[in-house]
Amino acid sequence: MDSIAEIKSKIDIVDFIGEYIKLRPVGKNYQGLCPFHKDTHPSFYVSPDRQVWKCFGCNRAGDIFSFLQELEGIDFPEALRILAKRAGVNLQKFDKSTFDKRSTLIEICRLSAAFYHQIFLKSPIAEEARSYLEKRGLKESTIKEFCLGFAPDKWDTLFKFLIKRKYSPSDIEAAGLIIPGKKQGQYYDRFRGRIIFPIYNVYGEVIGFTGRILPGAEKKSAEQGKYINTPQTLIYNKSTVLYGINLAKSFIRQADSVVLVEGNMDVISSYQAGVKNVVCSSGTALTEEQIKLLSRYTHNVILAFDVDPAGVSATARSIDLMLAYGINLKIIRLPKGKDPDECIKENPSLWKKAVSESIEFIEYYFSLILKGKKIATLSSKKKAGEKILVLISKIKNSFERDLWLNKLADNLGVSVDSLRERLTEIMKSQKERKKEDEEEEIKEESSLEEEVAKKILALLIKEPKIAPKIVSLSLDILPTTDLRKIARVLKDVWEKEKKFNFKTISKQIQEERLINLIQIALLSVEKEYENFEFSDLEKEYGRLVNYLKKRYFETNIEEKELQLKDAEKNNDKEKIEILSRQIFELIKNSKKIKND
Ligand SMILES: [Zn+2]
């Protein structure tokens, strides 16, 4: 078994895809909303028997590798690396250079995180850091779970440690852990005298770090900042990272919601307090990439920080983005001036309560914009009104919408009717935009002929009573080399054994890509002809073959006619004669195809 087949055999496709989208069983297969197009009724199918998936809406299809590639926008080697790790399959026999750089950097980060963590747990120089986190109320089990560490206040502790392990300075620098000094060949550690928070990707690999200065040293190194982060590297991009996602992802799916907090410490203490579906975008306002990442797990976001009502801040922009992505927002109301971490330190159960009592975003926003102050100027009235109307337009319940409209009319001192009119306009334009988006969806490029040919082959393989028809199937009518190759194998196996099935066929084919193609075709046929009787299937087979034959003759006749025109131009009498006869034959034969 090659590595790809081995990985596939060790990762169940339903479990794997089920981590990204909700799947429910339908017969032998599973069904869910397609993550690759705006899917309103579930058109995405996963077959556990065949270990493939296919969307009958946008026609995308594939295996676990292509699923991960499409979803993460990564290339095949990267998908292979991630899935091999998950399956516990050693890729050493693979072309190493493809993976080398990334895996070296990830290995360096993993080792460094472990190194800092050991220092934190055991070294006397980490005493201050330990007592600081203890004072902040962190338990040892939590510290271990988040692998918190300590970077000694020395110039090259980590550098020496990694050099001893035979890593090159250029790789360590590429991982963002050291900074070159003024002298040639001189390096110093990026993180010094800091508490270390390793940053993980969704797969639980360390890709970067945040370092927090010890409270006593805050003034001393004011010029360096309280927090420093790994710079952008090959494996770390701060705008796509969510701190805590590696631990939170399964809890997010369970709760179908995520609590978004401001800082790493908020994440850790919330997790410890039992609210585990929690992440933060360390140091930046939420980016579009992060919102996309989150919306893979849930569409319900609960914000646990102050939202600036001015509507110009970065936070306000990310809120607009989230609303545009169809995310339902709620807000946690905390005692004034407190962040979650402080709140939890006081009383963990208060935090749980605050999360469960989070209020709808519109309610919060409404009170924020309109509370207590009369909105005087016309333009500010209009602005506030528009924003709230957009939020109202997203409410599904019409009664609830009416309540908010009345409330808004009251507050702005305008008539409900005029607001309702504007709301209708907003909802109409939203509907149109949605329709445009849906129309823009491009189906995967695969011709109708190809789809038909795949179904023909799948019917032959699937239905033993149809299988004998392989003898009379002409390879010429199949539109691609891949499909002809598969049909060739069917013919060969049939000749020898007078029967075949998926197993015997795939043994002969061996090429993973083609086996995959057959699996997907089988899944399509199974779904499409679910309730067909044999006689219906036989008819369908005949219809499909006739379609391909017709197309074959049509394209051939077209081609010959073009050649004929050329020959006539050149007055090539012999060629005209031959071509005319060929065209006549083709037309005669095409007429023989039964019309039904
Ligand atoms: Zn789709």
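That block above? That's the structure.
Residues numbered from 1 in each chain as written. Predicted model: local features only at pLDDT ≥ 70, side-chain atom pairs only at ≥ 80, totals over all residues. Heavy atoms only, no water.

**A look at the overall build of the protein**
Logical step 1: On a plain count of helices and strands, the protein comes out with 25 helices and 16 strands.
Logical step 2: Over its C-alpha trace the protein gives a radius of gyration of 31 Å, far above what one expects of a compact globule, namely 25 Å for 596 residues.
Logical step 3: C-alpha extents for the protein along the principal axes are approximately 95 × 75 × 55 Å.
Logical step 4: The buried share among the 596 residues of the protein stands at 47%. (Helix = DSSP H or I, 4+ residues; strand = E, 2+ residues; numbered from the N terminus. Rg over C-alpha atoms; globule rule 2.2 N^0.38 Å. Buried < 20%, exposed > 50% of the residue type's maximum accessible area, 1.4 Å probe, protein only.)

**Concerning the sheet that holds strand E2 (residues 29–32)**
Logical step 1: Here 5 strands make up an open sheet; going across it, the order is E1-E2-E3-E4-E5 and the pairing antiparallel. Each of the sheet's edge strands pairs with one partner strand only, and the pair in question is strand E1 (24–26) and strand E5 (61–62).
Logical step 2: Looking at chain direction, E1 and E2 are connected through 3 bridges and run antiparallel. Bridging across to E2, Val 26 finds its partner in Asn 29.
Logical step 3: This element, helix H23 (residues 512–528), spans E2, strand E3 (44–47), strand E4 (52–55) and E5 of the sheet and lies at about 55 degrees to E4. (Pairing = 2+ DSSP bridges. Contact = heavy atoms within 4.5 Å. Axes fitted to C-alpha atoms, helices over the stretch in contact; angles between N-to-C directions.)

**Overview of the coordination of the zinc ion**
Logical step 1: Coordination of the zinc ion by the protein is provided by Cys 34 (SG), His 37 (ND1), Cys 55 (SG) and Cys 58 (SG), with metal-donor distances spanning 2.0 to 2.3 Å.
Logical step 2: In this structure, the zinc ion is surrounded by 4 donor atoms whose angles at the metal cover 100 to 120 degrees, and the resulting shape is tetrahedral.
Logical step 3: In the primary sequence, the donor residues of the zinc ion line up as C-x2-H-x17-C-x2-C. A residue pair is termed long-range when its members are at least 10 positions apart, and Cys 34 in the loop between E2 and E3 and Cys 55 in strand E4 qualify at 21 residues. The pair formed by Cys 34 and Cys 55 is uniform in burial state, with each residue classed as buried. (Donors = N, O, S within 2.8 Å, 3.2 Å for Na, K, Ca; no water. Tetrahedral: all angles 85-135°; square planar, octahedral: opposite > 155°, others 65-115°.)

**Digging into the pattern of salt bridges**
Logical step 1: Counted according to the given criterion, the structure contains 33 salt bridges.
Logical step 2: Note that Glu 451 and Lys 454 form a salt bridge whose closest N and O atoms lie 3.8 Å from each other. Placement of both Glu 451 and Lys 454 in helix H20 (residues 448–462) is noted, with a separation of 3 residues, approximately one turn of the helix.
Logical step 3: Using a relative accessible area of 21% as the deciding quantity, one classes Lys 454 as partly exposed.
Logical step 4: Between Glu 585 and Lys 588 there is a salt bridge, with the nearest N and O atoms lying 3.7 Å from each other. Pair noted here: Glu 585 and Lys 588 are both in helix H25 (residues 573–592), with a separation of 3 residues, about one helical turn.
Logical step 5: The class for Glu 585 is partly exposed, based on a relative accessible area of 35%.
Logical step 6: Each of the salt bridges in this network shares a partner with another, and the network as a whole consists of Glu 78, Arg 81, Lys 85, Arg 102 and Glu 205. (Salt bridge = Lys/Arg side-chain N within 4 Å of Asp/Glu carboxyl O.)

**Observations regarding the sheet that holds strand E6 (residues 149–151)**
Logical step 1: Read from one edge of the open sheet, 4 strands run E6-E9-E10-E11, paired in antiparallel fashion. Strands at the two margins of the open sheet, each flanked by one partner only, are E6 and strand E11 (227–229). The mean inter-strand angle of the sheet, taken between neighbouring strand axes irrespective of direction, is 35 degrees.
Logical step 2: In this structure, strand E9 (residues 194–200) lies alongside strand E10 (residues 206–213), joined through 7 bridges in antiparallel fashion.

**Some thoughts on the packing of aromatic side chains**
Logical step 1: Scanning the model with the defined rule gives 24 aromatic pairs in all.
Logical step 2: Taken together, a centroid distance of 5.8 Å and an interplanar angle of 70 degrees make the contact between Trp 494 and Phe 500 edge-to-face.
Logical step 3: You can call Trp 494 buried: its relative accessible area is 12%.
Logical step 4: Since its relative accessible area comes to 9%, Phe 500 is described here as buried.
Logical step 5: Pairwise contacts between aromatic rings join Phe 16, Tyr 20, Phe 36, Phe 44, Trp 53 and Phe 67 into one cluster.
Logical step 6: When the ring centre of Phe 534 is taken as reference, the NZ or CZ atom of Lys 465 above it lies at 4.6 Å.
Logical step 7: The ring of Phe 56 has Lys 527 sitting right over it, with the charged end atom 4.4 Å from the ring centre. (Phe/Tyr/Trp six-rings, centres within 6.5 Å; stacked < 30°, edge-to-face > 60°. Lys NZ or Arg CZ within 6 Å of the ring centre and 35° of its normal.)

**Considering the environment of Lys 28**
Logical step 1: Examined against the element boundaries, Lys 28 turns out to sit in the loop between E1 and E2.
Logical step 2: Once the C-alpha coordinates of Lys 28 and Leu 111 are considered, the two residues, 83 residues apart in sequence, prove to be 44 Å apart.
Logical step 3: For Lys 28, the residues in contact, after removing those within four places along its chain, are Pro 48, Asp 49 and Glu 526.

**Thoughts on helix H11 (residues 264–272)**
Logical step 1: With 8 of 9 residues buried, H11 lies mostly within the body of the structure.
Logical step 2: Those residues of H11 that sit buried are Asn 264, Met 265, Asp 266, Val 267, Ile 268, Ser 269, Ser 270 and Tyr 271.
Logical step 3: Directly beyond the C-terminal end of H11, a positive phi value near 100 degrees is found at Gly 274.

**A closer look at the nonpolar core**
Logical step 1: If you look at the biggest cluster of nonpolar residues, it comprises 64 residues, and the most contacted ones within it are Leu 177, Val 259 and Trp 351.
Logical step 2: Ranked by residue count, the leading element in this core is helix H5 (residues 96–122), at 10 residues.
Logical step 3: When residues are assigned to domains, this core turns out to be shared by domain 2 (96–236) and domain 3 (245–365), each giving three or more.
Logical step 4: In terms of nonpolar packing, the next biggest core, distinct from the first, is built from 44 residues, Ala 248, Phe 305, Leu 329 and Ile 359 among them. (Core = buried A, V, L, I, M, F, W, Y, C linked by side-chain atoms within 4.5 Å. Domains from an automatic or database assignment.)

**Structural notes on unusual backbone geometry**
Logical step 1: One non-glycine residue with positive phi stands out, namely Cys 147, at about 55 degrees.
Logical step 2: Checked against the element boundaries, Cys 147 lands in the loop between helix H7 (140–145) and E6.
Logical step 3: For Cys 147, a relative accessible area of 13% gives the class buried.
Logical step 4: For Asp 256, which is not a glycine, the phi torsion comes out positive at approximately 50 degrees.
Logical step 5: Within the element layout of this structure, Asp 256 appears in the loop between helix H10 (245–255) and strand E12 (258–261).

**A few points about the pairing of E12**
Every regular strand shows the same layout, with side chains that alternate between the two sheet faces.
Logical step 1: Covered by surrounding structure in E12 are Val 258 and Leu 260 together with Val 259 and Val 261, the residues of both alternating faces.
Logical step 2: Pairing between E12 and strand E14 (residues 300–303): 3 bridges, direction parallel. Bridge pairing links Val 259 to Ile 302 in E14.
Logical step 3: Two elements, E12 and strand E13 (residues 278–280), share 3 bridges in a ladder whose sense is parallel. Within the sheet, the bridge partner assigned to Val 261 lies in E13 and is Cys 280.
Logical step 4: Running through H11, the crossover from E12 to the neighbouring parallel element E13 is right-handed. (Right-handed = clockwise from strand over helix to strand, strands pointing away.)

**Quick word on the side chain of Glu 205**
Logical step 1: With respect to the helices and strands, Glu 205 occurs in the loop between E9 and E10.
Logical step 2: On the basis of relative accessible area, Glu 205 is assigned to the buried category, the value being 3%.
Logical step 3: Here Arg 81 takes part through its side chain, which lies 3.1 Å from a polar atom of the side chain of Glu 205.
Logical step 4: Look past the residues within four positions of Glu 205 in its chain and what remains in contact with it is Arg 81, Lys 85, Ile 106, Ile 199 and Tyr 200. (Polar contact = N/O pair within 3.5 Å; in protein donor to acceptor, adjacent residues only side chain to side chain.)

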